[in-house]
Amino acid sequence: MDKRMRIFIAGDSTAANCPPHEAPMMGWGQVAAECFTDKVEIINAAKGGRSSNSFIEEGLLEEIWEKISPGDYLFIQFGHNDQKDFGTEPWTTYPYYLTQYIDGAREHGALPVLLTSVQRRTFGEDGMIENSLGDYPASMKELADKKDVPLIDMWTKTKQLYESYGPDRSIELFTWFAPGENANYPDGIQDNTHFCETGAREVAMLVAQGIEELNLPLKAYIKEAIRNG
């Protein structure tokens, strides 16, 4: 039997498998397998609240190194929590920690792929998304060039996605409920960062689109319906 292609995901809550009590909140990694044939296995190690440094400090990257094999992929997406006080600075410590993911993947014979952070739903008065992620996306792009790492620009792709929905309809992509509308959020919720199932699936398809654009060998395993979608 041919070895399955394996994608490990290191990231934060926007990619993570959300627990049942948060449903239908969902990270894109939770539904990424739907974009591929059964020849691809997703190992989603992304975890809510983690930055590029805290993911390492908590031993979560080490757990990936214990499992990853030559020929596997490591998708790396951090930035949201790097903005917090326990996180990193965009032009110094952020690329320093990201480099540990890149070099470690290569040492294990795996292929690292960088993904810029997804945008938050931050519409300006002009109906366009305003960047809330500072210099982190630009820093990651610079590092990708410097280290010759494939990069999927989710920061740009999600900006285009949200703007195509518009300021009002884009709430359909996120965890938004009125009080009493959802049992898991009895008091209601207006979350402009975390996706619902619809948003997670749309963003997972953008990741698949990025794989195709990069011409990664993985693209052969993207479902035809997704490729033609």
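Now for a quick tour of the structure.

About the cut-offs
Residues numbered from 1 in each chain as written. Predicted model: local features only at pLDDT ≥ 70, side-chain atom pairs only at ≥ 80, totals over all residues. Heavy atoms only, no water. Helix = DSSP H or I, 4+ residues; strand = E, 2+ residues; numbered from the N terminus. Rg over C-alpha atoms; globule rule 2.2 N^0.38 Å. Buried < 20%, exposed > 50% of the residue type's maximum accessible area, 1.4 Å probe, protein only. Contact = heavy atoms within 4.5 Å. Areas by Shrake-Rupley, 256 points an atom, 1.4 Å probe, with all protein chains shown as cover. Lys, Arg positive; Asp, Glu negative; His and termini not counted. Charge placed at Lys NZ, Arg CZ, Asp CG, Glu CD. Pairing = 2+ DSSP bridges. Right-handed = clockwise from strand over helix to strand, strands pointing away. Expected span 1.5 Å × (residues − 1). Core = buried A, V, L, I, M, F, W, Y, C linked by side-chain atoms within 4.5 Å. Salt bridge = Lys/Arg side-chain N within 4 Å of Asp/Glu carboxyl O.

Observations concerning the overall build of the protein chain
Secondary structure assignment for the protein chain yields seven helices and seven strands. The order of α-helices and β-strands along the protein chain, N terminus first, is β-β-α-α-β-α-β-α-β-α-β-β-α-α. Relative to a compact globule of 229 residues, whose C-alpha radius of gyration would be 17 Å, the protein chain shows 17 Å and is just as compact. If you line up the protein chain on its principal axes, its C-alpha atoms span 50 × 40 × 35 Å. Sorting the 229 residues of the protein chain into buried and exposed places 52% on the buried side. Residue pairs at least 24 apart in sequence account for 73% of intrachain contacts in the protein chain once pairs closer than 6 positions are excluded. For the protein chain, the exposed area adds up to about 10600 Å²; of that, 48% sits on carbon and sulfur atoms. Where the 21 positive side-chain charges of the protein chain centre and where its 36 negative ones centre are 6 Å apart.

Regarding the pairing of strand β4 (residues 111-115)
With four of its five residues buried, β4 lies for the most part within the structure. Bridge count between strand β3 (residues 73-77) and β4: four bridges; the pairing is parallel. Counterpart to I76 in the pairing with β4 is L114. With helix α3 (residues 93-107) bridging β3 and the parallel β4, this β-α-β connection has right-handed handedness. As paired elements, β4 and strand β5 (residues 151-152) share two bridges and run parallel to each other. Among the inter-strand pairings, L115 is bridged to a residue of β5, identified as I152. A crossover connection joins β4 to the parallel β5 through helix α4 (residues 136-147); in handedness this β-α-β unit is right-handed.

What about α3?
Its 15 residues give α3 an end-to-end C-alpha distance of 21 Å, which sits within 8% of 21 Å, the value for a rise of 1.5 Å per residue. Buried within α3 we find Y94, P95, Y97, L98, T99, Y101, I102, G104 and A105. Here the buried face of α3 lies against β1 (5-11), α1 (52-57), α2 (60-67), β3, β4 and α4. Of the residues flanking the end of α3, it is G109, one or two places downstream, whose phi is positive at about 80°.

Quick notes on the environment of W28
One can find W28 in the loop between β1 and β2 (40-44). With residues near it in sequence (within four places) discarded, W28 still touches I9, T14, A15, F75, Q77, L115, A200, V203, A204 and V207.

Brief notes about the pairing of strand β7 (residues 189-195)
In terms of burial, β7 is largely enclosed, as five of its seven residues are buried. For strand β6 (residues 174-177) and β7, the ladder comprises three bridges, and the chain directions are antiparallel. Within the sheet, the bridge partner assigned to W176 lies in β7 and is Q190.

Thoughts on the nonpolar core
Membership of the largest hydrophobic core comes to 39 residues, with the highest contact counts inside it found for I7, W28, F75, Y162, I211 and L218. For this core, the elements supplying multiple residues, two or more each, are β1, β2, β3, β4, α5 (154-169) and α6 (197-214). Considering each element in turn, this core owes the most residues, seven residues, to α6. Setting aside residues no more than four positions away along its own chain, I7 makes contact with F36, V40, E41, I42, I43, Y73, F75 and L218. In terms of nonpolar packing, the next biggest core, distinct from the first, is built from 24 residues, L74, F78, I102 and A144 among them.

Focus: the pattern of salt bridges
In the structure shown here, the tally under the stated rule is nine salt bridges. For K141, the salt bridge is made with D153, and the minimal N-O distance between the two is 3.0 Å. You can see K141 sitting in helix α4 and its partner D153 sitting in the loop between β5 and α5, a full 12 residues away along the chain. The partner of R169 in a salt bridge is E172, with the nearest N and O atoms 3.4 Å apart. On the basis of relative accessible area, R169 is assigned to the partly exposed category, the value being 43%.

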